[in-house]
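A structural walkthrough
Spelled out, the chains give:
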Amino acid sequence: MKTKTQHTPGPWPLTVLHGDSYELTITTAQGNHYATTFDPSAARLIAAAPDLLEVAKNAAYLANIYKDKSGLDGLVANALDEIEKITNKAIAKAEGK
């Protein structure tokens, strides 16, 4: 599922620069500087953001398709509805909506 986005497309490689401290730099696919942090968990999350956004879009799409299928157990339909709501909220946040 492809949609037009306003964010910088991935992948965002993570580079570790050793100096006086461990500086973690996230770059764009074109090699441009994107973000710098000293927090390894933040760096990994930032670098994974484009992939996580794509997964969220696909999860919301699939949840929307399958939640209304006849024959689904009520718990499954409710879970899919909740997945769709949560992923759409995360997508809107990521895309600045």
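Residues numbered from 1 in each chain as written. Predicted model: local features only at pLDDT ≥ 70, side-chain atom pairs only at ≥ 80, totals over all residues. Heavy atoms only, no water.

The next point concerns helix H1 (residues 40-66). The end-to-end C-alpha distance of H1 is 37 Å, a good match for the 39 Å that 27 residues give at a rise of 1.5 Å each. The sharpest bend along H1 comes to roughly 55°, located at Ala-49, with the proline Pro-50 sitting one to four residues further on. All buried positions along H1 are accounted for by Ala-43, Ala-47, Pro-50, Leu-53, Ala-56, Lys-57, Ala-60 and Ala-63. (Helix = DSSP H or I, 4+ residues; strand = E, 2+ residues; numbered from the N terminus. Expected span 1.5 Å × (residues − 1). Bend = angle between axes of the 7 residues up to and from the residue. Buried < 20%, exposed > 50% of the residue type's maximum accessible area, 1.4 Å probe, protein only.)

What follows concerns the pattern of salt bridges. Under the defined criterion, the tally for this structure stands at three salt bridges. Residue Lys-57 pairs with Glu-95 through a salt bridge whose shortest N-O separation is 2.9 Å. Placement of the pair is Lys-57 in helix H1 and Glu-95 in the segment after helix H2 (74-94), with a sequence separation of 38 residues. Residue classification places Lys-57 among the buried positions, given a relative accessible area of 5%. Lys-97 is the salt-bridge partner of Glu-95, the closest N and O atoms lying 3.2 Å from each other. When its relative accessible area of 75% is taken as the criterion, Lys-97 is described as exposed. (Salt bridge = Lys/Arg side-chain N within 4 Å of Asp/Glu carboxyl O.)

Our focus in this paragraph is the side chain of Glu-84. When you line up the elements, Glu-84 lands in helix H2. With relative accessibility at 10%, the residue Glu-84 sits in the buried group. There is a polar contact of 2.6 Å between the side chain of Glu-84 and the side chain of Asn-64. Aside from chain neighbours lying at most four places away, what touches Glu-84 is Ala-60, Ala-63, Asn-64 and Lys-67. (Polar contact = N/O pair within 3.5 Å; in protein donor to acceptor, adjacent residues only side chain to side chain. Contact = heavy atoms within 4.5 Å.)

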